[in-house]
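A closer look at the structure
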Amino acid sequence: MRNAIAAWGSPVCPNLPLKMEWVDEGIILAAQAHGENHSVLTLFTKEHGAAKGLVYGGQGRTKGSILQAGNGAKVTWRARQEQALGHFDIELTEARAGLALLERKTLLGLSAVTDILYKTLPEGQAYPSLYTATTALLTHLEAQDIWPILLLKWEIGLLETLGFGLTLDRCVATGRLLEDGAELSFISPKSGGAVSFDAGLPYKDKLLPLPGFLLDLAEPTFEDVKLAFHTTGYFLTERLLAPVDKRLPDARERYINQLP
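Here the structure is a predicted model, which means the values were calculated and not measured. (Residues numbered from 1 in each chain as written. Predicted model: local features only at pLDDT ≥ 70, side-chain atom pairs only at ≥ 80, totals over all residues. Heavy atoms only, no water.)

Things to note about the nonpolar core
What counts is decided by this rule: To define a nonpolar core, start from buried Ala, Val, Leu, Ile, Met, Phe, Trp, Tyr and Cys residues and group those joined through side-chain atoms within 4.5 Å. Buried, partly exposed and exposed residues are distinguished by accessible area as a fraction of the type maximum, computed with a 1.4 Å probe on protein chains only: under 20%, between the cut-offs, and over 50%, respectively. To qualify as a helix, a DSSP run of H or I must reach at least 4 residues; to qualify as a strand, a run of E must reach at least 2; elements of each kind are numbered from the N terminus. Residues are treated as being in contact if the distance between any of their heavy atoms lies within 4.5 Å.
Core analysis: the largest hydrophobic core is formed by 54 residues, its most contacted members being Leu 117 and Trp 154. If one sorts the elements of this core by residue count, helix H5 (residues 147-161) sits on top with eight residues. Not counting residues up to four positions away in its chain, the partners in contact with Leu 117 are Leu 29, Phe 44, Leu 130, Thr 134, Trp 154 and Leu 158. Grouped together as the second largest cluster of nonpolar side chains are 15 residues, Trp 22, Ala 51, Ala 73 and Ile 90 included.

Next up, the structure:
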């Protein structure tokens, strides 16, 4: 929560505006041009969630190179009122965007993550566990042998964090638990719950695939990974994006198409 740190005027005059300020770390999600030389920056911050602010001179060469999606930054946000746009002072801490430019698939993956967050996170709501998971995901960005699996599990975690978690520990049709030997093979597109092979087989054309590696029961194949992306993409679209008239980032689809 943004804290008032100084009053503009006497404390006995409550109607005078307050000066608001906070300091946090964050991941840059997007920067949009504002006027001739400034930018409106959106970050996913550790303690303040998605936050917006003006960066003076953000379209200049120096600051423009910092305000690239995926970069890590330390920021100070200031405004006269809590609900005002405010402005950021920014310091680069992780130059991920520049490193990603060296490999097309890496850049697409980075763009997919930041754009999904930009489109789905409500402003001002902190998600510290999601922030930690996202930072860990981006730390392993260059490990493209395992990164698709990390991205899939991150997408499942994002759904859960935002209130649309998938039920992958039991069959929604029979109630039988994974730990008791239920052969969970499908996911219901309506409930987001797993369905066992026997219960789901007659309806398999209406269900989504649940590859065993998402349950840590099998080693992933390239075909399984692409099937899993189809499943998580369905729920990201239906639960988070379509209700607000948005769609999955093109970079995500291009990233999946780059996989073997």
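Quick word on the pattern of salt bridges
Worth spelling out the cut-off: Basic side-chain nitrogens of Lys or Arg form a salt bridge, by our definition, when they fall within 4 Å of a carboxyl oxygen of Asp or Glu.
Inspection of the entire model under this criterion finds seven salt bridges. Residue Lys 119 pairs with Asp 115 through a salt bridge whose shortest N-O separation is 3.7 Å. Linking Lys 119 with Asp 115, this pair stays in helix H3 (residues 104-120), spanning four residues, or about one helical turn. Of the charged contacts in the structure, one is a salt bridge between Asp 250 and Arg 247, with a shortest N-O distance of 3.0 Å.

Concerning helix H8 (residues 250-258)
Each turn of an α-helix holds 3.6 residues, which means side chains three or four residues apart point in the same direction. For the record, the criterion: Working definition: the arc comes from the directions between the helix axis and the C-beta atoms, pointing outward to the latter.
When H8 is considered as a whole, its buried residues turn out to be Ala 251, Arg 252, Tyr 255 and Ile 256. Projected down its long axis, H8 carries its buried residues within an arc of 140 degrees, all on one side. Of the surrounding elements, those touching the buried residues of H8 are H3, H5 and helix H7 (222-241).

Section: the environment of Lys 63
To be explicit about the condition: Definition of a polar contact: a pair of N or O atoms within 3.5 Å, with one able to donate and the other able to accept a hydrogen when the atoms are protein atoms, and with sequence-neighbouring residues admitted only if both atoms are side-chain atoms.
Turning to its location among the elements, Lys 63 is positioned in helix H1 (residues 61-66). Using a relative accessible area of 33% as the deciding quantity, one classes Lys 63 as partly exposed. The spatial distance from the C-alpha of Lys 63 to the C-alpha of Leu 130 is 27 Å, given a sequence separation of 67 residues. The residues touching Lys 63, leaving out its near neighbours within four places in the chain, are Val 55, Tyr 56, Gly 57 and Gly 58. A polar contact is formed between the side chain of Lys 63 and the backbone oxygen of Tyr 56, at a distance of 2.8 Å.

Here's the deal with the sheet that holds strand S7 (residues 167-171)
Going by this rule: Two strands qualify as a pair provided that DSSP identifies no fewer than 2 bridges between them.
On the basis of which strands lie adjacent, the open sheet formed by four strands has the order S7-S9-S8-S10 and mixed pairing. Both outer strands of the open sheet, S7 and strand S10 (208-209), are each paired with one neighbouring strand and no more. By the bridge criterion, three bridges tie strand S8 (residues 184-187) to strand S9 (residues 193-196) in an arrangement that is antiparallel. When the bridges of S9 are listed, Ile 187 appears paired with Ala 194.

Overview of the environment of Ile 187
Relative to the helices and strands, Ile 187 resides in strand S8. Beyond its immediate chain neighbours, meaning those up to four positions away, Ile 187 contacts Leu 166, Leu 168, Gly 192, Gly 193, Ala 194, Leu 207, Leu 208, Pro 209, Leu 210, Thr 231 and Phe 235.

Overview of the side chain of Thr 42
Mapping Thr 42 onto the fold places it in strand S3 (residues 38-45). A relative accessible area of 6% means that Thr 42 is categorised as buried. For Thr 42, the residues in contact, after removing those within four places along its chain, are Ile 27, Ile 28, Leu 29, Ala 30, Ala 51, Lys 52 and Tyr 118.

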